[in-house]
Amino acid sequence: MRGSNSPDRRPGTGRAPTLLAHLALVAVTAAAIALLLHAIGGDGGPRAPGGAAKSTSVFGTFLVAMPLILLCAQLAGRCCRRLGQPAVIGEILAGILLGPSLLGRLSPGTERWLFTAHLAPVLDTLSQLGLVAFMFLIGYELDLGRLRRHRSSAVLISHAGIALPALAGILLAVPMYTRFAEPGVGFPVFALFIGVAMSVTAFPVLARVLTDRGLDRTPLGALALASAAVGDVIAWCLLALVTALAGHHGPARVLVTIGLSGAFFLVMRYGVRPLLLRVGRADASRTVPVAAVLPLLLGGVLLSSYATDRIGVHPIFGAFLFGAVMPRNLPPVNAAVEHLRGVAGLLLPLFFVSAGLNIRLDLLGSGPTRWAWCLLITAVAMLAKWGASSAAARVGGIEWPQALSLGALMNCRGLTELVILSIGYQLGVISSLVYSLLVVMTLISTAVTAPALSGIARVFAGRRPAPVPPPERATVSSTSGTAI
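Residues numbered from 1 in each chain as written. Predicted model: local features only at pLDDT ≥ 70, side-chain atom pairs only at ≥ 80, totals over all residues. Heavy atoms only, no water.

Trainee: Is there a simple way to think about the packing of aromatic side chains in this case?
Mentor: Given two aromatic rings, their pairing is described by the distance between the two centres and the angle made by the two planes. Taken as a whole and judged by the stated rule, the model has six aromatic pairs. Between the aromatic rings of Phe-136 and Tyr-140, the centroid separation amounts to 6.0 Å while the plane-to-plane angle is 25°, which identifies the pairing as stacked. In this pair, Phe-136 and Tyr-140 are both assigned in helix H6 (residues 120-140), four residues apart and thus about one turn of the helix distant. On the accessibility criterion, Phe-136 (0% relative accessible area) is buried. Residue classification places Tyr-140 among the buried residues on the basis of a relative accessible area of 9%. Over the ring of Tyr-270 we find Arg-269, and its NZ or CZ is 4.9 Å from the ring centre. (Phe/Tyr/Trp six-rings, centres within 6.5 Å; stacked < 30°, edge-to-face > 60°. Helix = DSSP H or I, 4+ residues; strand = E, 2+ residues; numbered from the N terminus. Buried < 20%, exposed > 50% of the residue type's maximum accessible area, 1.4 Å probe, protein only. Lys NZ or Arg CZ within 6 Å of the ring centre and 35° of its normal.)

Here is the structure:
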């Protein structure tokens, strides 16, 4: 007998209507707000009797823009999750819908009023704060025990998955440089950046895909995560080199930046980490309130980010390294990290929406040539990454079904790629057009990951599951929280 609070619902009957309801809610909400703002002032806001635009409070505009961005990002992310895609794709699409590609065409005045030039720095600061908090969490959750258990196979797969796509990107940069490079950007910086952008795997999005499909605790999932972690470390190092080359002129200054970055790593590894461990052990026997730990944790994240920013590389490197050296399994620290996770969860969608706002699909629509370039970039990036990773896995003794699945997983770019593209765009290494081309490539390659896994499973459905080589014996437990 059903309880009074149990709805009478048949299995499988509510998913499609719920998805349609989400989509309708997104469309109706966006249309209603757009019409309201257009009615208030369709060409940029209310006007005074003399025809001059009324001065609009930046904070007042923020009070409208912030809920709209968060609402659209949340709804679009839920729709994508119901379609089996990462939420990041929906959040980027929300930015595209709110940006010049759609809202800017339907109602230019509304788009200008909503994302006024005075508001852009505020949204950018909040999105960067969310990104810094998220990168700290990535460093904090980095499991080097898993890396050690799969070190041989992971190193082979990650190096192949970096080398061949990077080489393909550098070769593709030769014709791209003459057509799309910004004035004043040297070919080495441009080509190296394109190579890095072609070779990235998004560790966080990959982990989410594996979890959603129940593969995170399988040998294939563990090897994929280990390979992605090694590849991301290499990609961040290459990006630090690009940042140094783009931010300074002359090899001497670049060497100084690289040297300071190495010194900062040593200080964090052999200075800050032992100090944090000592303080953590001293406080382990007594209860420390989270309210006392959270400001110290947030202060350490921000100061570490400031240090790398002053060195000449992006602030996210400092946040990531601070998370990597942070001691684990301490209740006050874990509780404070959960609070910081809430901050990242609130602000990080702003970063993805900002990424979508910077996409100019109208620049791609001026002729078939640019769309052909978009398809070429996407094909080169996906085939090089997929082929290199699968071939390396096969050389490592993994059978073709698992090797192809691993290659598909390595082709998932998502968050990490967007961070790298945003850094290149902010530094002026790539133009708005190249940024848009590469973001489209990111969206396609990320969206293909889940369907590709399903397709490979169907093709090899009649075969016995292919074995993955057992991991090497780890010297440190995966739950020990070993950091860099």
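Still to come is the rest of the account.
Trainee: What am I meant to see in the pattern of salt bridges here?
Mentor: Close approach of charged atoms lets side chains of opposite charge pair. Considering all chains together, one arrives at one salt bridge under this definition. Notably, a salt bridge pairs Arg-341 with Glu-338, separated by 3.2 Å at the nearest N-O pair. Of this pair, Arg-341 and Glu-338 both sit in helix H15 (residues 331-357), three residues apart, roughly one helical turn. Accessibility expressed as a relative area gives 46% for Glu-338, which makes it partly exposed. (Salt bridge = Lys/Arg side-chain N within 4 Å of Asp/Glu carboxyl O.)

Trainee: Could you clarify how one ought to interpret the packing of helix H17 (residues 368-395) against helix H20 (residues 432-459) in this entry?
Mentor: Packed helix pairs are characterised by how far apart their axes lie and by the angle those axes make with each other. Across the interface, H17 lies against H20 with an axial gap of 9 Å and an inter-helix angle of 45°. Overall, the two elements H17 and H20 adopt an arrangement that is oblique. Handedness of the H17/H20 crossing: right-handed. Of H20, the residues touching H17 (which contributes Arg-370, Cys-374, Ile-377, Thr-378, Ala-381, Met-382 and Trp-386) are Leu-433, Leu-437, Leu-438, Val-440, Met-441, Ile-444, Ser-445, Val-448, Ala-452 and Ile-456. Tallied by class, residues from the contact of H17 with H20 come to 14 nonpolar, two polar and one charged. (Axes fitted to C-alpha atoms, helices over the stretch in contact; angles between N-to-C directions. Parallel < 35°, antiparallel > 145°, perpendicular 65-115°, else oblique. Left-handed = near helix turned anticlockwise from the far one by under 90°. Contact = heavy atoms within 4.5 Å. Nonpolar A, V, L, I, M, F, W, Y, C, P; charged D, E, K, R; others polar.)

Trainee: I'm lost on the side chain of Gln-128 in this one. Help?
Mentor: Mapping Gln-128 onto the fold places it in helix H6. When neighbours within four sequence positions are excluded, Gln-128 is seen to be in contact with His-314, Phe-351 and Gln-426.

Trainee: In this structure, what is going on with helix H18 (residues 400-410)? I would like to understand it.
Mentor: Residues lying three or four places apart along an α-helix face the same way, a consequence of the helix completing one turn every 3.6 residues. When you tally the buried positions in H18, you get nine out of eleven residues, the bulk of the element. Within H18 the residues assigned to the buried category are Pro-401, Gln-402, Ala-403, Ser-405, Leu-406, Gly-407, Ala-408, Leu-409 and Met-410.

Trainee: Where do I start with the nonpolar core in this structure?
Mentor: Among soluble globular proteins, nonpolar side chains are generally buried collectively. The biggest cluster of nonpolar side chains holds 107 residues, and the ones touching the most others in it are Ile-92, Phe-136, Met-176, Phe-193 and Leu-438. Examining the composition of this core, we find that twelve residues originate from one element, H20, more than from any other. If we skip the residues at most four places from it in the chain, Ile-92 touches Phe-352, Gly-356, Ile-359, Leu-418, Val-439 and Leu-443. Among the nonpolar cores identified, the runner-up in size contains 20 residues, and Phe-62, Ile-69, Leu-103 and Leu-357 belong to it. (Core = buried A, V, L, I, M, F, W, Y, C linked by side-chain atoms within 4.5 Å.)

Trainee: Before we go on, may I ask you to explain the confidence of the model for the protein chain in this structure?
Mentor: It should be kept in mind that the predicted coordinates are not to be read in detail where pLDDT is low. For the protein chain, the average pLDDT comes to 77, and 76% of its residues sit at 70 or higher. Considering only residues more than four positions removed or in separate chains, one finds that residues 39-55, a stretch of pLDDT under 50, has 17 contacts. Contacts for the low-pLDDT stretch residues 471-484, under 50 throughout, to residues beyond four places or in other chains number 42 contacts. (pLDDT = per-residue confidence, 0-100.)

Trainee: Explanation requested: a nonpolar patch on the surface in the structure shown.
Mentor: A cluster of nonpolar side chains, contributed by Leu-97, Leu-102 and Leu-106, occupies part of the molecular surface with about 290 Å² of accessible area. Within the secondary structure, Leu-102 is located in the loop between helix H3 (87-98) and helix H4 (103-106). We classify Leu-102 as partly exposed; its relative accessible area is 35%. (Patch = residues over 30% accessible without salt bridge, like charges linked within 9 Å, V, L, I, M, F, W, Y side chains within 5 Å. Areas by Shrake-Rupley, 256 points an atom, 1.4 Å probe, with all protein chains shown as cover.)

Trainee: Just checking my understanding: could you explain the environment of Leu-276 for this structure?
Mentor: Within the secondary structure layout, Leu-276 lies in helix H12 (residues 251-283). Under the relative-accessibility criterion, Leu-276 is labelled partly exposed at 23%.

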